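Here's the letter readout for the chains.
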Amino acid sequence: MISSIIIEGLIYGIMVLGVFATYRVLNFCDMTVDGSFPMGACVLAACLTHGINPVVALFIAFGCGVLAGLVTTLIYTKLKIPDLLAGILTMTMLYSINLRIMSNKANISLLRVTTIFSGLESEWGIVIFLLIFVAVLKLLLDVFYNTDLGLTMGALGSNPQLIVSQGVNPNIVRGIGICFGNGMAALAGAFAAMYNGFADVGMGTGVVVSGLASLMLGEFVLKSNKIGLQTFRVLIGSIIYRALMMLARSYGYIIHMTPNDLKLVTGVLIIICLIVSRTKAGEKFKEWKLNRKNTKSESQGGRK
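Residues numbered from 1 in each chain as written. Predicted model: local features only at pLDDT ≥ 70, side-chain atom pairs only at ≥ 80, totals over all residues. Heavy atoms only, no water.

### As for the overall build of the chain
Convention followed: The helix count covers DSSP runs of H or I at least four residues long, the strand count covers runs of E at least two residues long, and both are numbered beginning at the N terminus. For this measure, only C-alpha atoms enter the radius of gyration; the expected value for a globule follows 2.2 Å times N^0.38, where N is the number of residues. Three exposure classes are used, based on accessible area relative to the maximum for each residue type with a 1.4 Å probe and protein chains only: buried under 20%, partly exposed in between, and exposed over 50%. To measure how exposed things are, a 1.4 Å probe is used in the Shrake-Rupley method; for residues, cover is taken only from the protein chains shown. Charged residues are defined here as Lys and Arg on the positive side and Asp and Glu on the negative side; His and the ends of the chain fall outside this count. By convention, charge coordinates are those of NZ in Lys, CZ in Arg, CG in Asp, or CD in Glu.
Within the chain one finds eleven helices and two strands. Whereas a compact globule of 304 residues would reach a radius of gyration of roughly 19 Å, the chain reaches 21 Å, a difference of no more than 12%. The principal-axis extent of the C-alpha atoms belonging to the chain is close to 85 × 55 × 30 Å. Out of the 304 residues belonging to the chain, those deemed buried represent 46%. Summed over its atoms, the accessible surface of the chain is roughly 15900 Å², and 65% of this surface lies on carbon and sulfur atoms. For the chain, the separation between the mean place of its 24 positive charges and that of its 14 negative charges on side chains is 10 Å.

See below:
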């Protein structure tokens, strides 16, 4: 059970790192993830069933996710459609595309094909592999976010006018982030398909919501402005979320909970995290306002 939680947490953590890039860094609400995640699984399944090497298939899945992000970017920038609607449009179109990729089959089994996980003897072997892979990926992301382009992406999410005043095209920077985020989601979908042993066009339903829940859980557990800790808490939040879902599936019957209630649990978790974060922000604002008022009173008393 513990190994399954870690495996799912790390696999979906890759997707949450992509959500972090769009939702937190760029401040862009991207619903494309619900389509790019299963797209990665579908592309991987199509590649493996045609005898393509699993490693090559992962790169192809990542590239297809990047293309999905590019479509959302073009809809948003060229057609001037709001970010939320642009993502929903791409997500909707991807459902039909994913069916085409899998030759109009809604589900493909991967139990009889060779995957990266096939050579690993146990689930703990998969855990070690994913720990190494995700750790390397995280370090590369930390390095990227400290480059000029990474810092520009962060500044774009916080203050778009600042980027424009520096002569940088915000659409290009935003597009890079959106493409990267969806590429990560597709990569996670490919890993999920290999671990589950099948690819399904409907496996991306609610993925972006679970990604936001994982993101907020990580922020609730660990507070920091350092990018290294921010990417780390993304992975921690993903593992915690998967643990909560596993507990709900295993012991939910005690309170008459069924697997159909997991989406409800996810929504409640997000609402709780939002309420707690807003409450803390409100307390900090009141404290700052009170300190400012006291400072003004002391300065006025000194003048008298």
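### Topic: the packing of aromatic side chains
Selection rule: Between rings of Phe, Tyr and Trp, where Trp is taken as its six-membered ring, a pair exists when centres lie within 6.5 Å; planes separated by under 30 degrees are stacked, by over 60 edge-to-face, and by other angles tilted. For a lysine, the NZ atom is tested; for an arginine, the CZ atom; a charge sits over a ring if that atom is within 6 Å of the ring centre and within 35 degrees of the ring normal.
Under the definition given, this model contains nine aromatic pairs. Stacked on the ring of Y12, the Lys or Arg R242 has its end atom at 3.7 Å from the ring centre.

### Observations concerning unusual backbone geometry
One non-glycine residue, N27, adopts positive backbone phi at about 55°. The residue N27 is located in the loop between helix 1 (2-25) and helix 2 (33-49) in this model. Despite not being glycine, N104 has its phi angle at roughly 60°, a positive value. Following the sequence through the fold, N104 ends up in the loop between helix 4 (83-101) and strand 1 (107-109). Exposure remark for N104: the relative accessible area of 58% places this residue in the exposed category.

### A closer look at the packing of helix 5 (residues 123-145) against helix 10 (residues 227-251)
Heads up, the condition is: Axis angles are defined between N-to-C directions and span 0 to 180 degrees, where every axis is a line fitted to C-alpha atoms and, for a helix, only to the segment in contact. By definition, turning the near helix anticlockwise from the far helix through less than a right angle yields a left-handed crossing, and turning it clockwise yields a right-handed one. Throughout, a residue-residue contact means that at least one pair of heavy atoms, one from each residue, lies within 4.5 Å. By the convention adopted, Pro, Cys, Tyr, Trp, Phe, Met, Ile, Leu, Val and Ala count as nonpolar, Lys, Arg, Asp and Glu as charged, and the other residues, Gly among them, as polar.
Between helix 5 and helix 10, the least distance of the axes is 9 Å, while the angle of their chain directions is 145°. Once helix 5 is placed against helix 10, the crossing between them reads as right-handed. Residues V134, K138, D142 and Y145 of helix 5 touch helix 10, and the partners they reach there are I227, G228, T231, F232 and L235. Residues belonging to the contact of helix 5 with helix 10 are distributed by class as follows: five nonpolar, two polar and two charged.

### Quick word on the pattern of salt bridges
Operational definition: Salt bridges are identified by distance alone: a Lys or Arg side-chain nitrogen within 4 Å of an Asp or Glu carboxyl oxygen.
Considering all chains together, one arrives at two salt bridges under this definition. For the salt bridge of D142 with K138, the shortest nitrogen-to-oxygen distance reads 2.6 Å. With a gap of four residues between them, D142 and K138 both fall in helix 5, about one helical turn apart. There is no split in this pair, since D142 and K138 are both buried.

### Focus: the layout of surface pockets
The test is simple: Both cavities and pockets are sets of points on a 1 Å grid over the protein atoms alone; in a cavity a 1.4 Å probe fits but cannot get out, in a pocket the set is open with protein on both sides within 12 Å along at least five of seven lines, and lining residues sit with an atom within 4 Å of a point. Grid points are joined across faces, edges and corners, and a volume is the space filled by probe spheres set on the points.
Volume-wise, the largest pocket comes out at about 520 Å³. If you go around the largest pocket, you meet 22 residues; those closest to its centre are Y12, R242, R249, L262 and K263. Looking at which element gives the most residues to the lining of the largest pocket, the answer is helix 10, with four residues. For the lining of the largest pocket, the per-class residue count stands at eleven nonpolar, six polar and five charged.

Function cannot be read off these values alone, since they describe shape.
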